[in-house]
Structure formats: C-alpha cells, structure tokens
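What the coordinates show
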Amino acid sequence: MATFTSVLHVAVVFLSFSVFCIDSRLREGNPRDYLKREHSLVKPYTGSGMNIPLWDFAGNTMVTNNFIRLTADRQTQKGAIWNKIPCYVRDWELHVHFKVHGTGRGTLFGDGFAVWYVKDRMESGEVFGSKDFFKGLGLFIDTYSNHNGPHNHRHPYLSAQVNNGTWRYDHDRDGTHTEVAGCEALGLRNVEHDTSMAIRYTQGRLTVMLDIDNKNEWRECFDVTGVRLPTGYYFGVSAQTGQLADNHDVISMKLYELEVAKAETDGDVDYSKISPGADFFAPPRDHIDDPSGAFKNISLSWGKMFLLIFCICLGGLVCIVVGVVVFQKRQETQRKRFY
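Since the structure is predicted, the reported quantities are computational estimates derived from the model, not experimental observations.

Comments concerning the sheet that holds strand E15 (residues 234–240)
What the seven strands build is an open sheet, ordered E1-E4-E15-E6-E8-E9-E10; its pairing is antiparallel. Of all strands in the sheet, those bounded by a partner on one side alone are strand E1 (55–59) and strand E10 (181–184). Neighbour-to-neighbour, the strand axes of this sheet turn through a mean angle of 15 degrees, independent of strand direction. One ladder, built from five bridges, connects E1 with strand E4 (residues 78–83); its direction is antiparallel. Bridged to Ala58 within E4 is Ala80.

Here it is in structure tokens:
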C-alpha cells in the first residue's frame, strides 16, 4: 500500500509539473510551438543528389554536411540560397544561425551578407549578392566600411531597409541614408562559436536581436514600428565578396509563426496586396569622395588608361634625356681639367 501511495504521489507531482511547464510555454508565447517547416532550413540539408528540399541555391554556394557556404574566402564571389515557397504568415519570427570567418586581419575583410524577405527571388545583383531596387525587407550585416565620411558607428554593422522597389542601396554610404534602423554587431567575426540573429515582424513592428557572445540570450539590436510588409514574399540569404573576402556560412534558418490577436483596425485587409514601406528612415549623411580609392572597384576607360601610360612614358623619357645631358656635361668638365 505504501508503495502504491508513493507511486501515485510521484505521478501527481510529475503531472502537475508537466501542466505547469505547458502553461508557462503558452503564457510566454513560445514561437517554437509554431515552427513552419516549409520555410525552415536545418541539417541534414540534402535530399536526393545535391538538391535541398524546398530551397534553391545559386552562384558560388557550396553545400556541406555541417553548413552552407555562400562565399568562400576568395575575391569576387557571390552566393545565395532561397526558399521556394512564398510565406503567407502575417506575424513571424525568423532565426538565422550563421558564421563569418576568414584569413583577413585588421579591416581587410568583407563584404558581408544579407537576409531577405522580398517579392523576387533568385535574382543576382550587387547588393550583397542580390538585386538592387528590391521590394520587401533586406537586413544587411556589412563587415567593411565603404563610407568615406564621418561614421557614428563601427563595423560590422547591421542595418535594415524596407524598399518598395524605388530605393537604391548605396554601397558608398553603407546604405545608412535609407535604413530604418541599425546597430553595431561587433565581435561576430572569427569566433569559435556560431552566431545567431532573430528577426521578428508582428503587427507592423520590426524587432531584430543578436546572440554573438555565445550566451544563449538575445541582445536587442533595434525595435521599430510603422513597418509594412506584405505576405506572399520569399525568404533568402545572400553574400558577396569583392577585392576583400570572407567565408559566409549559413548553419540553419527557422521560421516560427507567432500567434497574435488580430487588431480591430485590421478589418478585412488583404496583406498580400499592401505595398512594403516604413514610416521612418534614418537621416542621410554627407558623402566625402575618396580620391585615393583604396579597395574600391575603380575602372578606367581605355582613353584614360592610354593617357596615363603616355604621361608615365613621357616622364620617364624626360628623366633619361636630362640624365644623359647632365652626364655628358660632367664628362666634358672632367676632360677640360687635363688640358
């Protein structure tokens, strides 16, 4: 009888603890209860052959057992991976597990990578490997500063841009004149542990958090309201290297649907028809041209190249002639001394 009572007591305690845990998770609104597998990318990546179910990859992307490398630590590479299924979840949270590392030291590494929620997928371009003038949301982790004027932040720098297809991403200003918000992401490169980013969008509010210290806790990067993102867009990640390079690896992407009470003002809004936009943009900063052009993609026309070579050759010829004349005069002076 005593044994039965003890077993019954343990069962009651276990049941009570389970109910408490479930209730706590529900009260906290844990997004893990609503993992959207059709929009998530986890190991093992490959299905049959080198295909990744529900995902496409492009450019220099390389799929391994432990990570998906968008670019290697080599110059002039582009890579991307895109979800094949449009997302019709209105309120969501995306967790991106990534790693940026390479042999570059000091500030000689780059360029960075971008996380996308956009209308058009699999379109290569010059904005961290994807196209400019996009429609939707772009989150950029920029590891190299191209801005020649004064900055009020250091790199790596994380910024967000909401675009309706009419804004250009200005690399020379690191996109700061069209960002809705941003923060420094110092310490995410060349660390032994992996790093993570959480992007939450709910009821017009965009929140981005980072875990780059391996503490298993989120640090808020920014939290802004007045952001409008349609449903039916695609998630993706892309990266690019130029004259500077880095390894840009994606370990996993997990999308969670958030259960949020529908606002009374929503009415019968068709969220697939709204235009992407934001109520706030950071004020523009002055741009100062850099005549030295260090580590920039500078191209000279054939005419300018010919003129430059001609001037160099002419200058060399003048130096040779002057040198010969000076040498001859010195020889004549020395001969006159013997007479």
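Following the structure, the description resumes.
Some thoughts on the side chain of Lys99
With respect to the helices and strands, Lys99 occurs in strand E5 (residues 92–101). The side chain of Lys99 is buried and forms no salt bridge, while Asp194, the nearest opposite charge, is found at 4.0 Å. At 3.4 Å, the side chain of Lys99 and the backbone oxygen of Glu192 are in polar contact. Engagement of the side chain of Lys99 in a polar contact is seen with the backbone oxygen of His193, the distance being 3.3 Å. Beyond its immediate stretch of four places on either side in the chain, Lys99 contacts Val191, Glu192, His193, Asp194, Thr195, Asn247, His248, Asp249 and Ile251.

A closer look at the nonpolar core
Core analysis: the largest hydrophobic core is formed by 50 residues, its most contacted members being Trp92, Leu158 and Phe222. The dominant element in this core, judged by the number of residues it contributes, is E5, at five residues. Aside from chain neighbours lying at most four places away, what touches Trp92 is Tyr117, Leu137, Ile199, Arg200, Tyr201, Leu229, Phe235, Leu255, Tyr256 and Leu258. Core analysis: the second largest hydrophobic core is formed by 11 residues, Trp116, Val118, Val127 and Phe134 among them.

A word on the packing of aromatic side chains
Within the structure shown, the criterion is met by 12 aromatic pairs. One aromatic cluster is present, built from ring pairs that chain together Trp92, Tyr117, Tyr201, Tyr233 and Phe235. The ring of Tyr234 has Arg121 sitting right over it, with the charged end atom 5.6 Å from the ring centre.

Examining the sheet that holds strand E12 (residues 205–211)
Ordered in space as E2-E3-E16-E5-E11-E12-E13, the seven strands form an open sheet in which the pairing is antiparallel. Two strands bound the open sheet, and with one partner strand each, they are strand E2 (62–63) and strand E13 (219–224).

Overview of empty space enclosed by the protein
As enumerated under the stated definition, the model contains one cavity of 30 Å³ or more in all. In this model, the largest cavity occupies a volume close to 30 Å³. Considering the residues around the largest cavity, the lining is formed by Trp82, Trp116, Val118, Asp120, Ser130, Lys131 and Phe134. When its residues are assigned to classes, the lining of the largest cavity shows four nonpolar, one polar and two charged.

As for the environment of Asn214
Within the secondary structure, Asn214 sits in the loop between E12 and E13. Since its relative accessible area comes to 46%, Asn214 is described here as partly exposed. Sequence separation between Asn214 and Thr195 is 19 residues; the distance between their C-alpha atoms is 7.1 Å.

Section: the confidence of the model for the protein chain
Interpretation of the predicted coordinates at a detailed level should be avoided for regions scoring low in pLDDT. Taken over all residues, the pLDDT of the protein chain has a mean of 79, while the share at 70 or more is 73%. Ignoring residues within four places in sequence, the model shows residues 1–29, a span with pLDDT below 50, making four contacts including any to other chains.

What to know about the pattern of salt bridges
Following the criterion strictly, the structure yields 14 salt bridges and no others. Put simply, Arg205 and Asp223 hold a salt bridge, and the shortest N to O gap is 2.5 Å. With Arg205 in strand E12 and Asp223 in strand E13, this residue pair connects regions lying 18 residues apart in the sequence. We classify Asp223 as partly exposed; its relative accessible area is 30%. When the shortest N-O distance is used, the salt bridge between Lys273 and Asp270 registers 3.6 Å. Judged by relative accessible area, which is 66%, Lys273 ranks as exposed. Using a relative accessible area of 36% as the deciding quantity, one classes Asp270 as partly exposed.

Cut-offs and rules
- Residues numbered from 1 in each chain as written.
- Predicted model: local features only at pLDDT ≥ 70, side-chain atom pairs only at ≥ 80, totals over all residues.
- Heavy atoms only, no water.
- Pairing = 2+ DSSP bridges.
- Helix = DSSP H or I, 4+ residues; strand = E, 2+ residues; numbered from the N terminus.
- Axes fitted to C-alpha atoms, helices over the stretch in contact; angles between N-to-C directions.
- Buried < 20%, exposed > 50% of the residue type's maximum accessible area, 1.4 Å probe, protein only.
- Lys, Arg positive; Asp, Glu negative; His and termini not counted.
- Salt bridge = Lys/Arg side-chain N within 4 Å of Asp/Glu carboxyl O.
- Polar contact = N/O pair within 3.5 Å; in protein donor to acceptor, adjacent residues only side chain to side chain.
- Contact = heavy atoms within 4.5 Å.
- Core = buried A, V, L, I, M, F, W, Y, C linked by side-chain atoms within 4.5 Å.
- Phe/Tyr/Trp six-rings, centres within 6.5 Å; stacked < 30°, edge-to-face > 60°.
- Lys NZ or Arg CZ within 6 Å of the ring centre and 35° of its normal.
- 1 Å grid on protein atoms, 1.4 Å probe; cavity = no way out; pocket = protein on both sides within 12 Å on 5 of 7 lines; lining within 4 Å.
- Points joined across faces, edges and corners; volume = space filled by probe spheres on them.
- Nonpolar A, V, L, I, M, F, W, Y, C, P; charged D, E, K, R; others polar.
- pLDDT = per-residue confidence, 0-100.

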